[in-house]
Amino acid sequence: MLLFLMTVTGIFLSASAQKHKSFQTNGRMINVDSFNREIAKMMKEVGVPALSLAVIENNKVVFHNTYGVRKKGDKKKADNRTAFDAGSLSKSYLVFAVYQLVDQGKLDLDKPLYQYLKYDRLEYDPRYKLITARMVLSHSSGIENWQFQNDPLKLEIISDPGTKLVYSGEGYNYLAKVVESILHQPYEIYIRDLVLNVLQLNNSYLKFIKQKHHLFHKESPWNYAVGHGLDSKPIVKKNYAVSPASGNHITAEDYAKLIIGIFDTTHLSVARIKDLEQPIARVNNSSTFYGPGFEVADIDGDLVIEHGGDNDGFKNQMFYSVAKKRGYVFLSNSDRGRLMMKKLCDMTVQMNIEPYLNAEFYLTDMYPSNASDLLRIYDEEGVEAMYAALDKLKKNGTVGATTLDVVSFYLKWYYGGDNRVTQKLLEDNIALYPDSSLSYVLLGRHLRDLGKPDSALLHLKKAQEMHFSAWSIDGDISDCETKLVDFNRRKSLMVRINEKEQTTVPADNYNLMSGVVSIASTDEGGGRCLAYIEADDWMEYRIDVRDSGNYSMTLRVASLPGGGQVELRIEDTLLTTMNIETTKGWQNWVSKTTAIRLPAGSHTLRLYARVGGFKLNWLKFAKQSI
């Protein structure tokens, strides 16, 4: 008996979804065969290898199916037991457990968490004693999202608890430990007992587990989808330790059953559901808010909740109407997956989700759209073909006001940072739509990230003059003003090199740079290092060489992936190329030395990353003996 059917488009469909010829949602009867054909066509045009989909009607899963293959180019088909990386949808498993404890009187949403469990990582900041479970659940605790994003040496509270939205995975992980202390059980055990077993979520996994003695499968889950970047290249990541905020692997059917279990009043009291519906932290300046567990919005008198999941290579989404008991869930193994969000909604529950889409500009141009077409052409045919397609759209006058904003966003954040193309597209959009304050903001932020605070500040202030209101840019302007002072200071920095002594230069003491970020160094001696170095990033240092000759040059680097490559140039002359192998960890620093010849006099030394994926702490010069 065949387990899978394939459409003419080449997208495989799980046969278990073929038992019923139709399903009903929002008063419409949907033919499964034609529905599946349309899904397959969309997946092919967007470039998504696999999709897991579930539809909720009257708090029942009336349809679920899995489409495609687990990995692009592979013959292993995805089925209804294929586990997808849940990303932040993992948080909902903790939410359900927490609210059960609240109903049982074991946890108070408004009692400071430190009174349940002191947290060594935050004790240095007295504000942590203000943080409650309600704040963590609504992302208003002030705890940064992940420690590595600011100072990697410590976890930081970056805004006063309870004052504004600061999305925080770290906050959820802290709350998970609080629950462990209350129940005297590890996360895996209490989630199994309170969530997985209660709701019979048989295809949800909290981590990958090695199975040394299993005859056929050496790990669990063995049936899992592989993520894919915007460039369609596979991204293989497996978490062998739990991460309550982002580490679960699930199916759309299991997540739909979880949402039903949270809101159907069978397992939680009406009071707890009312807690979940509270709007607490506003998203940008939109009409949507984070409540204590989900994003919430009152849309035409209908309370709609939302949650997304966003790990590298996976894009997932859920929308659900509490009153109508209707919603849908999709999981995709591609960074392009979110482009299907609106179309999937229109094909299924036909809910009004516009306020959510409008809250984030990059959700405005979704499939089918010029933005999705341009991204597909960029991936399949290259940048020049995309420019040619864009020229045709310009001639036809069919470039939307946010089309290039959306394309530039994806290219900047999901293609490893295509800086030149990103800048060109934003400049093109300003030329097409000179009244687009959004484009000025995005270009200003981009130029700031490239180390051009002077140009960035001009664009941001222009947006301010145009009364940009989608979100506050005061912080961006203040940041650019601070960076501009530093930018001007750096102009006078000079490295003096002579034959009598070694000269060590902190990597952070550059004159100009493009694309890199200065963070606290974990190497001996502390200080600052340069991180997030990607392809085409560069740093320039003014050097004054007293004596020409042969020198050794040492770079202090750290790299988890390896494969990096950096060119060393004096003005336009290539001195040498260095390969950066893996150091087996981002905190494992090694010294790489090469020989170069330096001419006497003042010069500009440029370090250009042909291939990124490394951090740089310092440079050292020493005259070689003859």
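See the structure shown above.
All figures in this text were calculated on a predicted structure; none of them were measured in a lab.

Conventions we followed
Residues numbered from 1 in each chain as written. Predicted model: local features only at pLDDT ≥ 70, side-chain atom pairs only at ≥ 80, totals over all residues. Heavy atoms only, no water. 1 Å grid on protein atoms, 1.4 Å probe; cavity = no way out; pocket = protein on both sides within 12 Å on 5 of 7 lines; lining within 4 Å. Points joined across faces, edges and corners; volume = space filled by probe spheres on them. Nonpolar A, V, L, I, M, F, W, Y, C, P; charged D, E, K, R; others polar. Helix = DSSP H or I, 4+ residues; strand = E, 2+ residues; numbered from the N terminus. Expected span 1.5 Å × (residues − 1). Buried < 20%, exposed > 50% of the residue type's maximum accessible area, 1.4 Å probe, protein only. Contact = heavy atoms within 4.5 Å. Core = buried A, V, L, I, M, F, W, Y, C linked by side-chain atoms within 4.5 Å. Polar contact = N/O pair within 3.5 Å; in protein donor to acceptor, adjacent residues only side chain to side chain. Phe/Tyr/Trp six-rings, centres within 6.5 Å; stacked < 30°, edge-to-face > 60°. Lys NZ or Arg CZ within 6 Å of the ring centre and 35° of its normal.

**Quick notes on empty space enclosed by the protein**
The method is simple in principle: a probe with the dimensions of a water molecule rolls over the atoms, and the space it marks as empty is what remains.
Part 1 of the reasoning: Applying the stated criterion to the full structure yields two cavities of 30 Å³ or more.
Part 2 of the reasoning: Here the largest cavity is characterised by a volume of approximately 60 Å³.
Part 3 of the reasoning: Lining the largest cavity, in full, are Asp85, Phe208, Tyr224, Ala225, Val226, Gly227, Ile235, Val236, Lys237, Lys238, His249 and Phe314.
Part 4 of the reasoning: Tallied by class, residues from the lining of the largest cavity come to seven nonpolar, two polar and three charged.
Part 5 of the reasoning: Within this model, the second largest cavity holds a volume of roughly 30 Å³.
Part 6 of the reasoning: Along the walls of the second largest cavity sit Lys315, Asp335, Arg338, Tyr362, Phe409, Tyr410 and Tyr414, which together make up its complete lining.

**Let's talk about helix α10 (residues 370-381)**
Part 1 of the reasoning: For α10, spanning 12 residues, the distance from its first C-alpha to its last is 16 Å, which sits close to the expected 16 Å at 1.5 Å a residue.
Part 2 of the reasoning: All buried positions along α10 are accounted for by Ala371, Ser372, Leu374, Leu375, Ile377 and Tyr378.
Part 3 of the reasoning: Considering only its buried residues, α10 is in contact with α11 (383-396) and α12 (403-414).
Part 4 of the reasoning: The first or second residue beyond α10 is Gly382, which carries a positive phi of 105 degrees.

**Quick look at the nonpolar core**
Part 1 of the reasoning: Ile39, Tyr328 and Met386 are the most contacted members of the largest nonpolar core, which totals 74 residues.
Part 2 of the reasoning: For this core, the element with the most residues is α12, which contributes seven residues.
Part 3 of the reasoning: Each residue touching Met386, except ones within four places of it in the same chain, is listed here: Leu374, Ile377, Tyr378, Val407, Leu411, Val421 and Leu425.
Part 4 of the reasoning: Counting 72 residues, the second-largest nonpolar core is a separate cluster that includes Tyr116, Leu183, Val195 and Ile260.

**Let's talk about helix α4 (residues 169-183)**
Part 1 of the reasoning: Counted at 1.5 Å a residue, the expected span for α4 with its 15 residues is 21 Å, and the 21 Å between its end C-alpha atoms agrees.
Part 2 of the reasoning: Of all 15 residues in α4, 12 are buried, a share of seventy percent or more.
Part 3 of the reasoning: Listed in full, the buried residues belonging to α4 are Gly169, Glu170, Gly171, Tyr172, Asn173, Tyr174, Leu175, Ala176, Val178, Val179, Ile182 and Leu183.
Part 4 of the reasoning: Between a side-chain oxygen at the N-terminus of α4 and the backbone nitrogen of Gly171 the separation is 2.8 Å; the capping residue is Ser168.
Part 5 of the reasoning: His184 occupies a position one or two residues after α4 and carries a positive phi of about 60 degrees.

**Focus: the packing of aromatic side chains**
Part 1 of the reasoning: Going through the model one piece at a time under the given rule, you end up with 20 aromatic pairs.
Part 2 of the reasoning: For the ring pair Phe23 and Phe63, a centre distance of 4.5 Å and an interplane angle of 20 degrees mean the geometry is stacked. Taken together, the residues span a long stretch of sequence, with Phe23 in strand β3 (residues 22-25) and Phe63 in strand β6 (residues 60-68) at a distance of 40 residues.
Part 3 of the reasoning: Accessibility expressed as a relative area gives 5% for Phe63, which makes it buried.
Part 4 of the reasoning: Ring geometry for Tyr362 against Phe409: centres 4.3 Å apart, planes inclined by 5 degrees, an arrangement best described as stacked. Here Tyr362 is found in the loop between α9 (354-359) and α10, whereas its partner Phe409 is found in helix α12, with 47 residues between them in sequence.
Part 5 of the reasoning: Among the residues examined, Tyr362 registers a relative accessible area of 19% and is labelled buried.
Part 6 of the reasoning: Grouped by ring-pair contacts, the aromatic residues Phe361, Tyr362, Phe409, Tyr410, Phe468 and Trp471 constitute a single cluster.
Part 7 of the reasoning: Between the NZ or CZ atom of Arg490 and the centre of the ring of Tyr510, over which it lies, the distance is 3.8 Å.
Part 8 of the reasoning: Across from the ring centre of Trp538, 3.9 Å away, lies the NZ or CZ of Arg606, which sits over that ring.

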